[in-house]
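# Fold and geometry: a report
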Amino acid sequence: MIVATIILVSSFALCLFYIQVTCQKILRREFEREYFTAIATANRLEFVFVRRSIEEFNAPLDYAWVRLALKCDYLALTYLLKNAANSRQVYSREERLLMLYFRVLFLLLFVLHLLKLREKPAILKLTTILQHFANLLGERVSRIRFGNLSASEYLLTL
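The residue numbering used here restarts from 1 in each chain and proceeds along that chain's sequence as written. In view of the model being predicted, local features appear only for residues whose pLDDT reaches at least 70, and side-chain atom pairs are presented and counted only at 80 or more, with totals across whole chains, interfaces and linings using the full set of residues. As a rule here, side-chain values cover all heavy atoms of the structure and leave hydrogens and water aside.

## Let's talk about the packing of aromatic side chains
- We call Phe, Tyr and Trp rings a pair once their centres come within 6.5 Å, taking the six-membered ring for Trp, and we label the pair stacked below 30 degrees between planes, edge-to-face above 60, and tilted otherwise. All chains considered together, the criterion is met by four aromatic pairs.
- Pairing Phe 36 with Phe 47 gives two aromatic rings, centres 6.4 Å apart and planes at 40°, and the pair type is tilted. Linking Phe 36 in helix H2 (residues 36-43) with Phe 47 in helix H3 (residues 47-57), this pair joins segments that are 11 residues apart in sequence. Comparing Phe 36 with Phe 47, the two get one shared label, buried.
- An angle of 15° between the planes, with centres 5.8 Å apart, marks the rings of Phe 102 and Phe 106 as stacked. Put simply, DSSP H or I for four residues or longer makes a helix, DSSP E for two residues or longer makes a strand, and each gets a number counted from the N terminus. Only protein chains enter the accessibility calculation, which uses a 1.4 Å probe; a residue whose area is less than 20% of its type maximum is buried, one above 50% is exposed, and one in between is partly exposed.

## What to know about the packing of H3 against helix H6 (residues 120-142)
- Following both chains from N to C, one finds H3 and H6 inclined at 140°, their axes separated by 10 Å at the closest point. Helix-helix and strand crossings are classified by hand; for H3 and H6 the assignment is left-handed. Side by side, H3 and H6 meet where Phe 47, Val 50, Arg 51, Ile 54 and Glu 55 of the first sit next to Lys 120, Ile 123, Leu 124, Thr 127, Thr 128, Leu 130, Gln 131 and Ala 134 of the second.
- Split into classes, the residues belonging to the contact of H3 with H6 amount to seven nonpolar, three polar and three charged. Axis definition: a line fitted to C-alpha atoms, limited for helices to the stretch in contact. Angles are taken between N-to-C directions and run from 0 to 180 degrees. Should the near helix be turned anticlockwise from the far one by less than a right angle, the crossing is left-handed, and should it be turned clockwise, the crossing is right-handed. Any two residues whose heavy atoms approach within 4.5 Å at even a single point are treated as in contact. Amino acids outside the nonpolar list (Ala, Val, Leu, Ile, Met, Phe, Trp, Tyr, Cys, Pro) and the charged list (Asp, Glu, Lys, Arg) are all regarded as polar, and Gly is one of them.

## Regarding H2
- Of all the residues in H2, the buried ones are Phe 36, Ala 38, Ile 39 and Ala 40.
- Note on H2: the residue one or two positions beyond its end, Arg 44, has a positive phi of about 55°.

## A few points about the environment of Leu 8
- Looking at where Leu 8 falls in the secondary structure, it is placed in helix H1 (residues 2-27).
- Taking the C-alpha atoms as reference points, Leu 8 and Asn 83, separated by 75 residues in sequence, lie 39 Å from one another.

## Looking at the environment of Ala 84
- Secondary-structure assignment places Ala 84 in the loop between helix H4 (63-83) and helix H5 (93-114).
- With 54 residues separating them along the chain, Ala 84 and Gly 138 place their C-alpha atoms 9.9 Å apart.

## Notes on the nonpolar core
- For the purposes of this section, nonpolar cores are sets of buried Ala, Val, Leu, Ile, Met, Phe, Trp, Tyr and Cys residues that join through side-chain atoms within 4.5 Å. Grouped together as the largest cluster of nonpolar side chains are 41 residues, with contacts concentrated most on Phe 47, Leu 70, Leu 77, Ile 129, Leu 130, Phe 133 and Leu 137.
- For this core, the secondary-structure elements that each account for two or more residues are H1, H2, H3, H4, H5 and H6.
- Those residues in contact with Phe 47 that sit more than four places away from it in its chain are Phe 36, Ala 40, Leu 70, Asp 73, Leu 77, Thr 127, Leu 130, Gln 131 and Ala 134.

## Concerning H1
- With 26 residues, H1 extends 38 Å from end C-alpha to end C-alpha; this agrees with the ideal 38 Å at 1.5 Å per step.
- Along H1, the residues classified as buried are Cys 23, Ile 26 and Leu 27.
- Against the buried residues of H1 lie H5 and H6. By definition here, a helix of n residues has an expected span of 1.5 Å times n minus one.

## Remarks on the pattern of salt bridges
- Should a side-chain nitrogen of Lys or Arg be within 4 Å of a carboxyl oxygen of Asp or Glu, the pair is scored as a salt bridge. This model, assessed by the stated rule, comprises three salt bridges.
- Among the salt bridges present, the one from Glu 139 reaches Arg 29, with a minimum N-O distance of 2.8 Å. Residue Glu 139 is located in helix H6, and its partner Arg 29 is located in the loop between H1 and H2; the two are separated by 110 residues in the primary sequence.
- Residue class for Glu 139 comes out buried when judged on its relative accessible area of 13%.
- Among the residues examined, Arg 29 registers a relative accessible area of 36% and is labelled partly exposed.

## Digging into the environment of Arg 103
- Assignment of secondary structure puts Arg 103 in helix H5.
- The exposure class assigned to Arg 103 is partly exposed, which follows from its relative accessible area of 47%.
- Along the sequence, Arg 103 and Leu 126 sit 23 residues apart, while their C-alpha atoms lie 9.1 Å from each other.

Honestly, that's just the spatial picture; any functional story needs more than this.
Shown next, in the form of structure tokens:
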């Protein structure tokens, strides 16, 4: 019985490890340019400010605000990924896997906050996922043209 439990736990841990490595490989994808700035500005997303406050200012974070900002940005970006410039209106496998990874990290952030452990690495990973989603969205939208403007340039003029 003990051996079966050890095998089950080690198999589960190995599965989680493979999922994390796969997600990190997806997140390392290079884009032609940084689309996320235009998407974040046009949609008033907060993850850019959260990341900047951690990396540049190293200021103490308001946990409730950070959690709410990341959750709202996640909901907005996943909605836009499904409905904007996506004729099939379904998520790709990579997007679904990253969405699962985001939810797990978001739960981990809650646990880290309860245990009063370092939250900043988890927050940075969450903002990296949101940045990847915004880049994907920007890449899709940039293919659509409005006269001589790309869609992201058009959104900035509104």
